[in-house]
Protein chains: 2
Amino acid sequence: MRTETTIQGLHAALSPVRASRKSIGFVATMGNLHEGHLKLVQEASQLCDVVVVSIFVNPTQFGPNEDFANYPRTFEADSNLLAEANCDILFAPSTEQIYGEQPQKTTVQVNSLADDLCGRTRPGHFTGVATVVTKLFNIVQPTVALFGEKDYQQLAIIRHLANDLCFDVDVIGVPTVRAENGLALSSRNGYLSEEELILAPAIYAALQTIQAQILDASENGKIDFDGFAAEGRKALEKQQFAVDYVEIRNPDLTPAQIDQGKWVILVAAKLGKTRLIDNLTVTLPSA
Amino acid sequence: MRTETTIQGLHAALSPVRASRKSIGFVATMGNLHEGHLKLVQEASQLCDVVVVSIFVNPTQFGPNEDFANYPRTFEADSNLLAEANCDILFAPSTEQIYGEQPQKTTVQVNSLADDLCGRTRPGHFTGVATVVTKLFNIVQPTVALFGEKDYQQLAIIRHLANDLCFDVDVIGVPTVRAENGLALSSRNGYLSEEELILAPAIYAALQTIQAQILDASENGKIDFDGFAAEGRKALEKQQFAVDYVEIRNPDLTPAQIDQGKWVILVAAKLGKTRLIDNLTVTLPSA
């Protein structure tokens, strides 16, 4: 595995790859890698000739009261994991490489999608994500870019921006990797205390309960989207979660409509100071 | 010259160009070509192996009360001119090709620069420009992109966005082409009546006057930026212009500072219903 820390270095590394028309699979990460990231890398190596993984803790997607400064930075362990996985090039740029020396004036806005759900309590977050992903796409120029389905809204936004901005890239979502107890893997799980780690799988349990309720209700008549979401919220609140939202939406994140036959249930909730998100799709057998 | 009307067709045409690592020069136009455009094409053919020119009247950069519907569309004449010039590929996409079928949610904003000068009276204009240029850069993936210096603010915005968004492209400004009487060539000159065509060169004359005043004043002491701009405005208003602005700025469009030694004088003014813009740089011999 080759490690590049500058845009110029990465371009030099990728130049022969492009000239030989090999496909490039790209996985953008903020480091502190876990099995979820490695599954993205594995998938990329199956789909493409060359795998590029970036590690960049992007300051512009953190709010002023969020955990940018304390976000876990574990470069050496990450680098070892990627070398063992099928990563060909690790791109680990400095903030200066990505945000330059002149003051940045340009932002990429994915309107309406970015202000919804997590965007309601994290203003500017998805503009930070969309802007840095645009930069990284321009730097890496990948054939395929893979993102985890755990960050469902992020994936929806990146799909939209790639399409809207005419990027010549396939954006692929990769299923969430879970611990045995159902907890979705996330770097932020590392913030949880022992007690919180025991409580955290309740999010997935709540998602599964709603999924089952929807499937049951579809056989017996009315699917009460709002009612099921409200019950899910209550269940989590009883278990010490400060719930941001429990919502059921169409797959494209518009409000759930009965005739879709397929939906996504999304949860964001805090355990102590740690904000966790998860989601689960549900598809009627008839759909 | 090959003409492509779809993104897919353009990608196919450019695929062997990219594989052979030839450089691509790109000129984005809205058609109704004049000598100014052809100079961009000529410059592109000197700098690059392959020249791509786009003709696309971009709806999102026109305001609701602007001239999108009536903008001159002269495809056949344009195509002939480009074939005679050194254009290799003419890219002439439909609105659907560029803006897709799903509702667009993504915009590229170049903050502060986009709200200044022409942006004050044309809200959304430069966001439309920045967004379509981002799309076109992603579609064409040029080595070099050339824009006219006549649209000084547009050029500044595109330079900024290319740098901010890490596009691997050189943005090059090409000097304004003028008629013998000094009038900057522009498709919108075609809107001018015979009488207005006689008046229009007064804009360039005003720019030259201010340029001379600055050079004179620099020898005798104080350069009165605001005073010179105000005089230029008055001179134009006396000649039937409805002046939007006459401004003197640093080359990066920040407010003029005496220690720069180099500035740009910018004018936007309406003659009847036609809005004209022009600019002229001035550099002190000592700078």
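Residues numbered from 1 in each chain as written. Chains lettered and ligands numbered in written order. Predicted model: local features only at pLDDT ≥ 70, side-chain atom pairs only at ≥ 80, totals over all residues. Heavy atoms only, no water.

K.L.:
What exactly am I supposed to notice about the relation of the copies chain B and chain A here?
P.N.:
Expressed as a screw transformation, the operator carrying chain B onto chain A has a rotation angle of 180° and an axial translation of 0.0 Å, and the superposed copies differ by an RMSD of 0.0 Å. The relationship between the two copies is best expressed as a two-fold rotation axis. (Least-squares fit on C-alpha atoms with pLDDT ≥ 70 in both.)

K.L.:
I keep staring at the nonpolar core and nothing clicks. Help me out?
P.N.:
A general trend in soluble globular proteins is that nonpolar side chains are found buried together. The biggest cluster of nonpolar side chains holds 96 residues, and the ones touching the most others in it are V52 and F137 of chain A together with V52 and F137 of chain B. Beyond its immediate sequence surroundings of up to four residues, V52 of chain B is in contact with L10, L14, I24, G25, F26, V27, I89, F91 and V140 of chain B. (Core = buried A, V, L, I, M, F, W, Y, C linked by side-chain atoms within 4.5 Å. Buried < 20%, exposed > 50% of the residue type's maximum accessible area, 1.4 Å probe, protein only. Contact = heavy atoms within 4.5 Å.)

K.L.:
Would you mind showing me how to read the pairing of strand β3 (residues 50-55) of chain A here?
P.N.:
Put simply, side chains in a regular strand alternate between the two faces of the sheet. All names here are of chain A. A large share of β3 lies buried, amounting to 6 of its 6 residues. Burial along β3 is two-sided: the residues V50, V52 and S54 and V51, V53 and I55 are all buried. Where strand β2 (residues 24-29) meets β3, 6 bridges bridge the pair, whose relative direction is parallel. From the neighbouring strand, I24 faces β3, where its bridge partner is V50. Handedness of the β2-helix α2 (residues 35-47)-β3 crossover: right-handed. Note: β3 against strand β4 (residues 89-91), 3 bridges, orientation parallel. (Helix = DSSP H or I, 4+ residues; strand = E, 2+ residues; numbered from the N terminus. Pairing = 2+ DSSP bridges. Right-handed = clockwise from strand over helix to strand, strands pointing away.)

K.L.:
Just to check I follow, could you spell out the packing of aromatic side chains for this structure?
P.N.:
All names here are of chain A. The tally for this structure, following the rule as stated, stands at 14 aromatic pairs over all chains. Between F62 and Y71 the ring centres are 5.7 Å apart and the planes differ by 75°, which places this aromatic pair in the edge-to-face class. Under the relative-accessibility criterion, Y71 is labelled buried at 8%. Through a chain of ring-to-ring contacts, three or more aromatic side chains come together here, namely F26, F137, F147 and F167. The ring of F68 has R73 lying over it, and the distance from NZ or CZ to the ring centre is 4.8 Å. (Phe/Tyr/Trp six-rings, centres within 6.5 Å; stacked < 30°, edge-to-face > 60°. Lys NZ or Arg CZ within 6 Å of the ring centre and 35° of its normal.)

K.L.:
It is not clear to me how the packing of helix α6 (residues 125-140) of chain B against helix α7 (residues 152-164) of chain B should be interpreted in this structure. Could you clarify?
P.N.:
If you want to describe how two helices pack, look at the angle between their axes and the distance between the axes. Residue and element names in this part refer to chain B. At a minimum axis distance of 10 Å, the contact between α6 and α7 shows a crossing angle of 50°. Compared by their axis directions, α6 and α7 come out oblique. Where α6 crosses over α7, the two elements pack in a sense that is right-handed. Counting all contacts with α6, which are made through F126, V129, A130, V133, T134 and F137, the residues of α7 involved are Q153, Q154, I157, I158, L161 and A162. (Axes fitted to C-alpha atoms, helices over the stretch in contact; angles between N-to-C directions. Parallel < 35°, antiparallel > 145°, perpendicular 65-115°, else oblique. Left-handed = near helix turned anticlockwise from the far one by under 90°.)

K.L.:
I would appreciate a short explanation of the UniProt feature "active site" (unreviewed entry) in chain A in the present structure.
P.N.:
Following the UniProt record, one finds the feature "active site" (unreviewed entry) at H37 of chain A. Along the chain, H37 of chain A falls in helix α2. (UniProt positions renumbered as here; feature names shortened; annotations may be inferred.)

K.L.:
Would you mind going over the sheet that holds strand β9 (residues 262-271) of chain A with me for this structure?
P.N.:
Within a beta sheet, neighbouring strands are joined by backbone hydrogen bonds and run either parallel or antiparallel to one another. All names here are of chain A. What the 3 strands build is an open sheet, ordered β8-β9-β10; its pairing is antiparallel. Each edge of the sheet is formed by a strand with only one pairing partner; in this case those strands are β8 (242-249) and β10 (274-283). Recorded for the sheet is a direction-independent mean angle of 10° between the axes of neighbouring strands. Where helix α10 (residues 225-237) meets the sheet, its contacts fall on β8 and β9, and the angle it forms with β8 comes to roughly 155°.

K.L.:
How do you make sense of the domain arrangement of chain A when you look at a structure like this?
P.N.:
Accessible area lost when the parts come together is the quantity often used to give the size of an interface. Residue and element names in this part refer to chain A. Per the domain assignment, the segments of chain A are domain 1 (2-174) and domain 2 (187-279). Computed over C-alpha atoms only, the centres of domain 1 and domain 2 are separated by 27 Å. With 22 residues of domain 1 at the contact, the number on the domain 2 side is 17 residues. At the boundary of domain 1 with domain 2, total buried surface from both sides reaches about 1600 Å², with 49% on carbon and sulfur atoms. Inspection of the domain 1/domain 2 interface yields 3 salt bridges. The shortest N-O distance in the salt bridge between D67 and R188 comes to 3.0 Å. Summed over the shared surface of domain 1 and domain 2, the result is 10 residue pairs in polar contact (both at pLDDT 80 or more). Secondary-structure elements contributing two or more residues to the side of domain 1 that touches domain 2 are α5 (118-121) and α7 (152-164). In terms of residue class, the side of domain 1 that touches domain 2 is made up of 8 nonpolar, 7 polar and 7 charged. (Domains from an automatic or database assignment. Buried area = accessible area lost by both parts, 1.4 Å probe. Salt bridge = Lys/Arg side-chain N within 4 Å of Asp/Glu carboxyl O. Polar contact = N/O pair within 3.5 Å; in protein donor to acceptor, adjacent residues only side chain to side chain. Nonpolar A, V, L, I, M, F, W, Y, C, P; charged D, E, K, R; others polar.)

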